2 protein chains.
Amino acid sequence: MSKENLDLVGIGNAIVDVLTKTGDDFLRANKINKGTMTLIEADQAEALYAKMGPGTEVSGGSAANTVAAFASMSGKAGYIGKVANDQLGSVFRHDIRAIGVAFETPALTDGPPTARCLILITPDAQRTMCTFLGACVWIAPSDLDEEMIKNSKVTYLEGYLFDRPRAKLTFRKASEIARGAGKKVALTLSDPFCVDRHRDEFLDLIKNGTDILFANEAELLSLYKADEFDDAVKQARETCPLVIVTRSAKGSLILNGNDTIEVAAESVKAVVDTTGAGDMYAAGFLYGYTKGKSLAECGRAASVVAAEVIQHVGARPQLDLAKLLREKKAV
Amino acid sequence: MSKENLDLVGIGNAIVDVLTKTGDDFLRANKINKGTMTLIEADQAEALYAKMGPGTEVSGGSAANTVAAFASMSGKAGYIGKVANDQLGSVFRHDIRAIGVAFETPALTDGPPTARCLILITPDAQRTMCTFLGACVWIAPSDLDEEMIKNSKVTYLEGYLFDRPRAKLTFRKASEIARGAGKKVALTLSDPFCVDRHRDEFLDLIKNGTDILFANEAELLSLYKADEFDDAVKQARETCPLVIVTRSAKGSLILNGNDTIEVAAESVKAVVDTTGAGDMYAAGFLYGYTKGKSLAECGRAASVVAAEVIQHVGARPQLDLAKLLREKKAV
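These figures come from a predicted structure and were not determined experimentally. (Residues numbered from 1 in each chain as written. Chains lettered and ligands numbered in written order. Predicted model: local features only at pLDDT ≥ 70, side-chain atom pairs only at ≥ 80, totals over all residues.)

1. As for the overall build of chain A
A count of helices and strands for chain A gives 13 helices and 14 strands. Computed over C-alpha atoms, the radius of gyration of chain A comes to 18 Å, within 12% of the 20 Å expected from 2.2 N^0.38 for 331 residues, which places it in the range of a compact globule. Considered along the principal axes of its C-alpha atoms, chain A spans approximately 50 × 40 × 40 Å. (Helix = DSSP H or I, 4+ residues; strand = E, 2+ residues; numbered from the N terminus. Rg over C-alpha atoms; globule rule 2.2 N^0.38 Å.)

Next comes the structure, spelled out in structure tokens:
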């Protein structure tokens, strides 16, 4: 896992997912908004966990899932994020390295435990997330590996990280380092409510420090406080040179200046768990992008790998994605 | 999770499984015997883990899997086993309680971490296990909840626990408490090599403290140092009043004194991972047994739940087993 000449470095919340299947009644009884991500404190996490059914622990984190998938496609990837010096931190470190990602951010030794995301999967395959950020948000500008960022074609930033001031500073510095070295910065909005909490700063970063923006419909509407999708799209074109809008089963739109490329969603037999679909989409797209493929080809690769992850429980790929792309003749 | 009037209490190694898919070449390169369970020390566990691919953490432990499945069938179950006071210990405790099992054994506060079993799943769906026992083997006779055992119809002992002297003592005491209260003791042999290491003590416990014995063919051959299956069966009849021999796709044999009941295996679409098949079989059998069903019905319930677990990765049920038994009209 050399960290020289990387194609992609991801910066985000280093999280271990705790996945469990549940009914809609559990969400209602615990007043949890279906389909969203809610931040919870340590005591809330403990109380909710105590009520949850048996779980499965799998490494997660949005940008971490993306770089893991990128590495599975045989792309050269690195990761920057903060775990604690505990068992779940070791699990996270092992898993991301085991898939071939360079990851050297030192663990937090004196603070809260490694972040956990309690993921409740309902029978309709929707995932609802409750995140205890723990050690994640202790990431500081000093954790940034400047060489890694300077040597990477794209630095990919996870919007979720915007939820804490120190993390936000880290984010901005990463963007400056990457662009200072003439490299590209990609940003994913992550969550409409996170966007709502930090709209102005998001808009500033997009206008002044972002080359590629990933968002779903709800995030785009939230960002521009728009009521109509077409209005949000219009504003997006004016804010960022390349915007990719994911639309679940409707596929995705690539907004390249005034051009629009429509990408169909891959058909799947059965959707089991949508956790990680957006993360995988970004991985596939950026894989094509860093290989110099056409935007349509990037979109097709994105759809193929997103389709893989929604057919099983968990946000990281369970197939060899390089092989999958070859079989599907994508990229 | 009341611990009064239980149907089943399991005593075993409290382990968190780390599951990963791998090729046969990985087993060869690391000199690991396919299909078996190998005990490894902390440093070996660390070295092997570092070489393994990304994993999934799920609560495991043979007897713990059995009581978890038993509870999923709506049986009243308890568990006794030792985890450490760490994150994986909390995961184990949460998962077994969340499925409805009474579990109150205090965590080890000053010793090795919670046990881990590195499970390597090859493309043929075989599982090969490397176990770091950690806190497990610190279980002591004082950890036994006498009321729980006295109040349970059956106490189920996991042969794996025989691998350490203190654990062995705990085992014997549990058998004495159960039988002293007029209750039944069931024993599973767990592993042919473990049986080989402790043959005389196993035979002594079976003859003098066991009512129901579970074994697969290899374990039975090992126990009696027999070359022929028929010879092992003959000796088994002489040693224990009720012996159940599991034979994978060939189904199972119930040896009830001089009678033999043949039980067919349930047919399955595709075998994905055989981890936990024996544990589930015992759960189904004992569920029927504690409900006073005929031995043939016990065997049928056993086959139905064993079939569920081999169709997905992981050793614990992913379906509501009570519902499955109703659908299959078993028990």
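Don't stop here, the text continues.
2. Things to note about unusual backbone geometry
One non-glycine residue, A:Ser248, lies in positive phi territory at about 50°. The residue A:Ser248 is located in the loop between strand S12 (242–246) and strand S13 (252–256) in this model. Not every positive phi belongs to a glycine, and B:Val331 is a case in point at roughly 65°. Within the element layout of this structure, B:Val331 appears in the segment after helix H13 (321–327). The class for B:Val331 is buried, based on 20 C-beta atoms found within 10 Å. (Buried ≥ 20, exposed ≤ 12 C-beta atoms within 10 Å, placed from the backbone.)

3. Details of the packing of helix H3 (residues 62–72) of chain B against helix H11 (residues 277–290) of chain B
All names here are of chain B. The N-to-C vectors of H3 and H11 enclose an angle of 45°; their axes lie 8 Å apart at closest approach. In terms of orientation, H3 lies oblique with respect to H11. Here H3 runs over H11; the crossing is right-handed. In this structure, H3 uses Ser62, Asn65, Thr66, Ala69 and Phe70 to contact H11, whose residues at the interface are Asp279, Met280, Ala282, Ala283, Leu286 and Tyr287. Counted by class, the contact of H3 with H11 contains 7 nonpolar, 3 polar and 1 charged residues. (Axes fitted to C-alpha atoms, helices over the stretch in contact; angles between N-to-C directions. Parallel < 35°, antiparallel > 145°, perpendicular 65-115°, else oblique. Left-handed = near helix turned anticlockwise from the far one by under 90°. Contact = placed C-beta atoms within 7 Å. Nonpolar A, V, L, I, M, F, W, Y, C, P; charged D, E, K, R; others polar.)

4. Some remarks on the interface of chain B and chain A
Each side of the interface is counted separately: chain B has 18 residues, and chain A has 18 residues. At 6 residues, helix H4 (residues 87–98) of chain B tops the list of elements feeding residues into the side of chain B that touches chain A.

5. Examining the nonpolar core
Among the nonpolar cores identified, the biggest contains 227 residues, and A:Leu286 and B:Leu286 are the most heavily contacted of them. In this structure A:Leu286 touches A:Leu8, A:Phe70, A:Val154, A:Tyr156 and A:Ala186, once residues within four positions along its chain are discounted. (Core = buried A, V, L, I, M, F, W, Y, C linked by C-beta atoms within 7 Å.)

6. Concerning the relation of the copies chain B and chain A
Between chain B and chain A, the superposition needs a rotation of 180° and an axial shift of 0.0 Å, giving an RMSD of 0.0 Å. Both chain copies can therefore be described as sitting about a two-fold axis. Residue B:Glu57 of chain B places its C-alpha closer to the rotation axis than any other residue of that unit, at 2.4 Å. Counting the interface residues of chain B, we find that 100% of their copies in chain A are interface residues as well, pointing to one common contact surface. (Least-squares fit on C-alpha atoms with pLDDT ≥ 70 in both.)

7. Re the sheet that holds strand S6 (residues 102–103) of chain B
All names here are of chain B. Strand order in the open sheet formed by 9 strands is S6-S5-S1-S9-S10-S11-S12-S13-S14, with mixed pairing between adjacent strands. With one partner strand each, in any of the chains shown, S6 and strand S14 (259–263) form the two edges of the open sheet. Pairing of strand S1 (residues 8–11) with strand S5 (residues 77–80) involves 4 bridges; the strand directions are parallel. Within the sheet, the bridge partner assigned to Val9 lies in S5 and is Gly78. Lying over the sheet, H11 contacts S1, strand S9 (154–158), strand S10 (184–188), strand S11 (212–216) and strand S12 (242–246), oriented at roughly 165° with respect to S9. (Pairing = 2+ DSSP bridges.)

8. Re the sheet that holds strand S14 (residues 259–263) of chain A
Residues and elements named next belong to chain A. Judged by pairing direction, the sheet is mixed, and its 9 strands sit side by side in the order S6-S5-S1-S9-S10-S11-S12-S13-S14 without closing on themselves. Either end of the sheet is taken by a strand with one partner, and the two such strands are strand S6 (102–103) and S14. Contacts from helix H6 (residues 165–180) reach strand S1 (8–11), strand S9 (154–158) and strand S10 (184–188), with the element oriented near 165° to S9.

9. Some remarks on the pairing of S1(B)
Residues and elements named next belong to chain B. On S1, burial covers both faces: Leu8 and Gly10 on one face and Val9 and Ile11 on the other are all buried. Here S1 runs beside S9; their pairing, made up of 4 bridges, is parallel. Residue pairing across strands places Ile11 opposite Leu157, the latter belonging to S9.

10. As for the environment of B:Ser190
All names here are of chain B. For Ser190, the location among the structural elements is in the loop between S10 and helix H7 (192–197). For the pair Ser190 and Ala14, spaced 176 residues apart in sequence, the C-alpha to C-alpha distance is 14 Å. Those residues in contact with Ser190 that sit more than four places away from it in its chain are Ser62, Glu158, Gly159 and Tyr160.

11. Comments concerning the confidence of the model for chain A
Of the residues in chain A, 99% have a pLDDT of 70 or more, and the chain-wide mean is 94. Interface confidence for the predicted complex, given as ipTM, is 0.88, next to a pTM of 0.92. (pLDDT = per-residue confidence, 0-100.)

12. What to know about the environment of A:Phe92
All names here are of chain A. Positionally, Phe92 belongs in helix H4 (residues 87–98). Assessed through the 29 C-beta atoms surrounding it within 10 Å, Phe92 is described here as buried. Sequence-wise, Phe92 and Gly276 are 184 residues apart; in three dimensions their C-alpha atoms are separated by 16 Å.

13. Some thoughts on the environment of A:Phe229
As for its placement among the helices and strands, A:Phe229 is situated in helix H10 (residues 229–239). Ignoring anything within four residues of it in the chain, the contact list for A:Phe229 reads A:Glu217 and A:Leu221.

14. Section: the pairing of S9(B)
All names here are of chain B. In terms of burial, S9 is largely enclosed, as 5 of its 5 residues are buried. Side chains of S9 alternate between two faces, with Val154, Tyr156 and Glu158 and Thr155 and Leu157 buried alike. Where S9 lies against S10, 5 bridges are found, and the strand directions are parallel. For Glu158, the partnering residue across the bridge sits in S10 and is Thr188. Handedness of the crossover joining S9 and S10 through helix H6 (residues 165–180): right-handed. (Right-handed = clockwise from strand over helix to strand, strands pointing away.)

15. Focus on helix H3 (residues 62–72) of chain A
Residues and elements named next belong to chain A. Counting buried positions along H3 gives 11 out of 11 residues, so the element sits mostly inside the fold. All buried positions along H3 are accounted for by Ser62, Ala63, Ala64, Asn65, Thr66, Val67, Ala68, Ala69, Phe70, Ala71 and Ser72. In the segment just after H3, Ser74 is the residue with positive phi, at about 80°.

16. Observations concerning helix H12 (residues 295–309) of chain A
Because an α-helix packs 3.6 residues into every turn, residues spaced three or four apart end up facing the same way. Residues and elements named next belong to chain A. Its 15 residues place the ends of H12 22 Å apart at the C-alpha level, agreeing with the 21 Å of an ideal helix rising 1.5 Å per residue. Of all 15 residues that make up H12, 12 are buried, and the element is covered over most of its length. For H12, the complete set of buried residues consists of Cys298, Gly299, Arg300, Ala301, Ala302, Ser303, Val304, Val305, Ala306, Ala307, Glu308 and Val309. Where the residues of H12 are buried, they touch H3, S13, S14, helix H11 (277–290) and helix H13 (321–327). (Expected span 1.5 Å × (residues − 1).)

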